[in-house]
Amino acid sequence: MSKIIVQGKAKGVILKTTNPINFLGAVDKNTGVIHDQKYDIFKKSIKNTVLVFPHGIGSSVGAYTIYSLKSNNAAPVAMICQKADLTVASGCALANIPMIIISKDEFDSIENGKYIQIDTESEEILN
Amino acid sequence: MELTKDEQAALNGEKGEALQTAYRILLATGEATNAEKLIPIKWAHLSGVNYNTIGDSGEEFLRKLSEGTKVTVKSTVNPMGFDFDHTSEYNLDEAFIEKQRSIRDSYIKMGVEPTFSCTPYDIYDLPEKDTQVSFAESNAAIFANSLGGLRTNKESAFSALASAITGKSPYSDLRKEGNETQMTIRMKLENPNELDFGLLGFFAGKVADTSVKISGVSQPDRRSCKALCGGMGTSGTCAKFQFSDEDENSSEKVDFGKEEMNKIFDELNTSDKGDLITLGSPQLGLEELSDLSKMLKGKSFRKRCMVFCSRAVQHQARSLKYTDEIDRAGCDILSDCCTCLTPLIDPNNTDSVTTNSVKGAYYLKNSTGVDVNLKPLSKIIEDETK
């Protein structure tokens, strides 16, 4: 069962991490590369991906990081989380990045590297 | 989330672009937290002031927003990158200074109080218990909920800004009665110092959801309380703690002992010495400056020691002469900025920094890009002064 936080359409390849993301501390706002080595997606870029992660953590300024990523053309095309947090929700709202929440079972079954389409207006949000 | 007719009209853009953006943000954060409505708030504390954190796009966003938008409730703001009174002693980039000036001016133009502090609770008397506020700075939100009796969620930079503009926040999570935590963390360390409390906070942030009980702690001093708030806000989503020794209602109990502490310590401490010292993240309050001046009596630092406090607190401390001993000991007392993401620490000429702040350690390592030597204040003074 999905919940829509920010509406929109997007398609791309899934980049999935099981680590909650501290956008301010762990993501390079110019390139979208994860620069905290404790992440399982260390050195990977979130640019143009459908980013799947449990939820955001840490600094409230992470919302600006999401907005900066979008302005620098380094943002994910969509974000899918298991739990909503205000930093990611508000950052996506201002940056116009579609964002949805999915259940734990759905989260567990999403496969890294797979191509996916998101349409929050459609009956089947994820395809 | 249900919106009133007025709120819906603003969301549709009938009251201008700024309000439309603000309601778009509140709708997303309301949906994210399953709020049923928006409620009035009395005070917003905004983050997103340091040019290092918000960058060119943030600067531009605020400049445009400030052209026609004013805050409608009391609003305070987080630290900037540096102290405008102390730019010449540090090697700061001219472009950085100009961008920072623009960000500062945008906030002032919107009508916020120029506090530039992560510790608004050290500057103003807190409003009455259960007052709804909207605090973005994580340590301040945790302090407000846990020690100040106020109600806020762990707001984001944009949700607090939207609240400052509209005077409203989604009614959800910690804003409501009865959202009691199910987890208790049992503090097992004897005689903990402020660093131990910072590490406990970082641990709690990792394991707890939105709130947590902490048992085995008798009322710690303000320095330790602030360290706990700072650590907790850095590592997770938890925005409230309660000291309580009754844990029979908790379905989950987790111990924080030597082993757990060492694990967090090893994650954050990456050096056994520092090229310079920073004190203050969160910024030091009056009581902490008073303590520091006593601890430094007759001593001088052997290397640069940066002491961060808000401008309001520095003024008070100067008039009470607390700063005399601190100045004499060779410290730089800096206002309007703090350890986290300050350009005053340049990774090109600094390999490592000594601090007692767990929050500072995380951002020094991950954002500034230097190694960190973590130790309690008493040990810093013992090791680094003559």
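Throughout what follows, the structure given in this document is the object of discussion. (Residues numbered from 1 in each chain as written. Chains lettered and ligands numbered in written order. Predicted model: local features only at pLDDT ≥ 70, side-chain atom pairs only at ≥ 80, totals over all residues.)

Attention shifts here to the overall build of chain B. Helices and strands together make up the secondary structure of chain B, namely 14 helices and 14 strands. Against the compact-globule benchmark of 21 Å for 386 residues, chain B has a radius of gyration of 21 Å, which places it among compact chains. Overall, the C-alpha framework of chain B stretches about 65 × 55 × 35 Å when taken along its three principal axes. The buried share of chain B, reckoned over its 386 residues, is 55%. For chain B, restricting intrachain contacts to residue pairs at least 6 apart in sequence, the fraction spanning at least 24 positions comes to 80%. (Helix = DSSP H or I, 4+ residues; strand = E, 2+ residues; numbered from the N terminus. Rg over C-alpha atoms; globule rule 2.2 N^0.38 Å. Buried ≥ 20, exposed ≤ 12 C-beta atoms within 10 Å, placed from the backbone. Contact = placed C-beta atoms within 7 Å.)

Here the focus is the nonpolar core. With 149 residues, the main nonpolar core has Ile5(A), Ala89(A), Cys92(A), Met99(A) and Val307(B) as its most contacted residues. Excluding its chain neighbours within four sequence positions, the residues that come into contact with Met99(A) are Ile5(A), Val6(A), Ala78(A), Met79(A), Val88(A), Ala89(A) and Cys92(A). (Core = buried A, V, L, I, M, F, W, Y, C linked by C-beta atoms within 7 Å.)

Pairing between the strands of a sheet comes from backbone hydrogen bonds, and it takes one of two forms, parallel or antiparallel. Residues and elements named next belong to chain B. Pairing is parallel in the open sheet, where three strands are placed in the order β3-β2-β4. Each edge of the open sheet is held by one strand with a lone partner, namely β3 (74–77) and β4 (134–135). Examined bridge by bridge, strand β2 (residues 43–46) and β3 share four bridges and lie parallel to one another. Its bridge partner being in β3, Trp43 is matched across the sheet by Lys74. (Pairing = 2+ DSSP bridges.)

Okay, helix α2 (residues 17–32) of chain B next. Taking 1.5 Å per residue as the helical rise, α2(B) with its 16 residues ought to reach 22 Å, and the 23 Å between its terminal C-alpha atoms agrees with that figure. Asn34(B) sits one or two positions beyond α2(B) and adopts a positive phi of about 55 degrees. (Expected span 1.5 Å × (residues − 1).)

Attention shifts here to the interface of chain B and chain A. Taken residue by residue, the interface counts 34 residues in chain B and 29 residues in chain A. Here the side of chain B that touches chain A gets seven residues from one element, more than from any other, and that element is α2(B). In terms of residue class, the side of chain B that touches chain A is built from 10 nonpolar, 19 polar and five charged. (Nonpolar A, V, L, I, M, F, W, Y, C, P; charged D, E, K, R; others polar.)

This paragraph deals with the environment of Ser172(B). All names here are of chain B. With respect to the element layout, Ser172 can be found in the loop between β5 (168–170) and β6 (183–187). Separated by 138 residues in sequence, Ser172 and Asn34 have C-alpha atoms that sit 6.6 Å apart. The residues touching Ser172, leaving out its near neighbours within four places in the chain, are Gly30, Thr33, Asn34, Ala35 and Asn153.

All names here are of chain B. Counting buried residues along strand β11 (residues 305–309), five of its five residues qualify, which places the element largely inside the surrounding structure. Pairing of strand β10 (residues 276–284) with β11 involves four bridges; the strand directions are parallel. For Ile277, the partnering residue across the bridge sits in β11 and is Cys305.

A separate point is the sheet that holds strand β4 (residues 78–81) of chain A. Residues and elements named next belong to chain A. Taken together, the six strands give an open sheet; going across it, the order is β1-β5-β4-β3-β2-β6, and neighbouring strands pair in mixed fashion. In this open sheet, the two edge strands, each paired with only one partner strand, are β1 (3–6) and β6 (115–119). Recorded for the sheet is a direction-independent mean angle of 30 degrees between the axes of neighbouring strands. Against the sheet, helix α3 (residues 86–95) contacts β1, β4 and β5 (99–101), and its axis sits at roughly 60 degrees relative to β1. (Axes fitted to C-alpha atoms, helices over the stretch in contact; angles between N-to-C directions.)

The subject of this paragraph is unusual backbone geometry. Residue and element names in this part refer to chain B. Residue Pro282 is reached from Ser281 by a cis peptide bond, and omega for that bond is 0 degrees. Even without being a glycine, Lys321 presents a positive backbone phi close to 70 degrees. Tracing the sequence through the fold places Lys321 in the loop between α11 (311–319) and α12 (322–328). For Leu341, which is not glycine, the phi dihedral falls at a positive 60 degrees. Among the structural elements, Leu341 can be located in the loop between β12 (331–334) and β13 (352–355). When the 24 C-beta atoms within 10 Å are taken as the criterion, Leu341 is described as buried.

With respect to burial, α3(A) is a largely interior element, 10 of its 10 residues being buried. Two residues or fewer after α3(A) comes Asn96(A), characterised by a positive phi angle close to 55 degrees.

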